[in-house]
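# Structural overview for review
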Amino acid sequence: MFLAKSPEIIKKYYSRLIWDIPNTENKIYLTFDDGPTPKITEWVLDVLKKHKIKATFFCLGCNVEKYPDLFNQIKLADHSVGNHSYSHVNGWYAEDDYYLSDIEKCKEVVSSNLFRPPHGRIKKSQIAKIVEDYKIIMWDVLSGDFDLKTTPEKCLKNVINNTKSGSVIVFHDSIKAFKNLEYTLPKTIEYLLERGFVFDVIPEN
Ligand SMILES: [Zn+2]
């Protein structure tokens, strides 16, 4: 169970997190979590290249260590990268010191001041400890591509029905999500380009 659109009350409660990036240029922000992943990352890069658009990849330190060439391909294509922790730690169940050390371990291979909490779950005490060093990027639109019980058509609707100027949209660079991503990503991009949206990377500053 997940919500395609982040509720206002949650956004207000966690006001130090970044949920969207308001702007006057119709910019929106595609993000891909959990990679790099062999075959999937290459496929995503091809789709983005075909449409000449840029995106932000929130990478896991453990995957960057396993697949450094893939990570370099992301950077060479001028996409942006962010820290998604080393081993996908759920902040709600982790001691703060452990949580912070896992982020630091990712930082050794992913140089970025963008951080996305794994599972979107982070305690206020953890936020307080990293918010000076990182922009903590959440989202306002969740495709739900990771949900094995959903359909590709539903994922597409989740995105196109909720995207507005400034939206941060979540997809996954993972094997599990691919059955939904393969259908949804190209159609999402085509639909949003036709409506005048501009795809950009999440700025580090
Ligand atoms: Zn993740």
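Residues numbered from 1 in each chain as written. Predicted model: local features only at pLDDT ≥ 70, side-chain atom pairs only at ≥ 80, totals over all residues. Heavy atoms only, no water.

Of the two faces of strand β2 (residues 56–59), both are covered, the one formed by Thr56 and Phe58 as well as the one formed by Phe57 and Cys59. Inspection of the sheet shows strand β1 (residues 27–33) paired to β2 by three bridges, in the parallel sense. Bridge pairing in β2 links Asp33 to Phe58. A crossover links β1 with its parallel partner β2, the connecting element being helix α2 (residues 40–50), and its sense is right-handed. (Buried < 20%, exposed > 50% of the residue type's maximum accessible area, 1.4 Å probe, protein only. Helix = DSSP H or I, 4+ residues; strand = E, 2+ residues; numbered from the N terminus. Pairing = 2+ DSSP bridges. Right-handed = clockwise from strand over helix to strand, strands pointing away.)

Before going further, it helps to examine the coordination of the zinc ion. Protein coordination of the zinc ion is provided by Asp34 (OD), His84 (NE2) and His88 (NE2), with donor distances spanning 2.1 Å. Here the donor residues of the zinc ion share one chain and are spaced in sequence as D-x49-H-x3-H. Residue Asp34 is located in the loop between β1 and α2, and its partner His88 is located in the loop between β3 (80–83) and α5 (96–107); the two are separated by 54 residues in the primary sequence. (Donors = N, O, S within 2.8 Å, 3.2 Å for Na, K, Ca; no water.)

The next thing to look at is the nonpolar core. In a soluble, globular protein the nonpolar side chains are often hidden away together inside. Counting residues in hydrophobic clusters, the biggest one holds 30 residues, and the most contacted among them are Leu30, Phe32, Leu48, Phe57 and Leu185. Contributing elements (two or more residues each) for this core: β1, α2, β2, α4 (68–76), β7 (168–172) and α8 (178–194). Not counting residues within four places of it along the chain, the set of residues in contact with Leu48 comprises Leu30, Phe32, Ile53, Ala55, Phe57, His79 and Ile189. (Core = buried A, V, L, I, M, F, W, Y, C linked by side-chain atoms within 4.5 Å. Contact = heavy atoms within 4.5 Å.)

If you check α5, its first and last C-alpha atoms are 17 Å apart, about what twelve residues at 1.5 Å a residue would give, namely 16 Å. Residues Asp96, Tyr99, Asp102, Ile103 and Cys106 constitute the buried set of α5. Down the axis of α5, the sector holding all buried residues measures 130°, keeping them to one side. As for α5, its buried residues are in contact with β2, α3 (61–66), β3, β4 (114–115) and α6 (124–130). (Expected span 1.5 Å × (residues − 1). Arc of directions from axis to C-beta.)

As far as function goes, none of this settles anything; it's purely spatial.
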